[in-house]
Amino acid sequence: FPIPFACPAIGYSSAASIPLSAPAAGLSLELCGGEDCTPGPVEGAVEVGSTATPIATGIFGLEGDSVAGWTATLLVSPALMRYRISDAAGAVVQEGILDVDWVRIDGTEQCGGNQHADVVIEL
């Protein structure tokens, strides 16, 4: 008969390190978590003056560049992340789906914890 277990109310997050296999200056990365999502900025663009709510892509933050690589911060740990790489003119250079293997870096198995993944985009 299992003993009840209470987890602390902590909001965990996930972070993925995403370098390019061949770093190149001037490229931008757009991401979103899950299979049925459309890559875009952290929040989808909304016209100036519009009262529409920005559409979240599942990515909490995305920092870095195409030379040093990016760090994506997420509120969840999706097994798949869709990506799109564009050049300085906005033309799509490459897009696809990343298979992400997350590793819990703290917390407990019962209650979860923050997670990290290293993902390389082959370019």
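Whatever comes next refers back to the structure up there.
Residues numbered from 1 in each chain as written. Predicted model: local features only at pLDDT ≥ 70, side-chain atom pairs only at ≥ 80, totals over all residues. Heavy atoms only, no water.

**Q** An account of the sheet that holds strand 5 (residues 80-86) is needed here, citing residue identities and associated values.
**A** Spatially, 3 strands are ordered 2-5-6 in an open sheet, and the strand pairing comes out antiparallel. Pairing within the sheet leaves two strands with one partner each, and these edge strands are strand 2 (28-33) and strand 6 (92-99). Between one strand axis and the next, the sheet turns by 15° as a mean value, whatever way the strands run. Where strand 2 meets strand 5, 6 bridges bridge the pair, whose relative direction is antiparallel. Its bridge partner lying in strand 5, leucine 29 is registered against isoleucine 85. (Pairing = 2+ DSSP bridges. Helix = DSSP H or I, 4+ residues; strand = E, 2+ residues; numbered from the N terminus. Axes fitted to C-alpha atoms, helices over the stretch in contact; angles between N-to-C directions.)

**Q** Can you lay out the pairing of strand 1 (residues 14-18) for me, pointing to particular residues and giving the numbers?
**A** Of the two faces of strand 1, only one is covered, namely that formed by Ser14, Ala16 and Ile18; the face formed by Ala15 and Ser17 stays uncovered. Sheet topology places strand 1 next to strand 4 (residues 69-74); 5 bridges connect them, and they run antiparallel. By the bridge assignment for strand 4, alanine 16 is matched with alanine 72. Two elements, strand 1 and strand 8 (residues 115-118), share 4 bridges in a ladder whose sense is parallel. Paired with serine 17 across the strands is aspartate 118, a residue of strand 8. (Buried < 20%, exposed > 50% of the residue type's maximum accessible area, 1.4 Å probe, protein only.)

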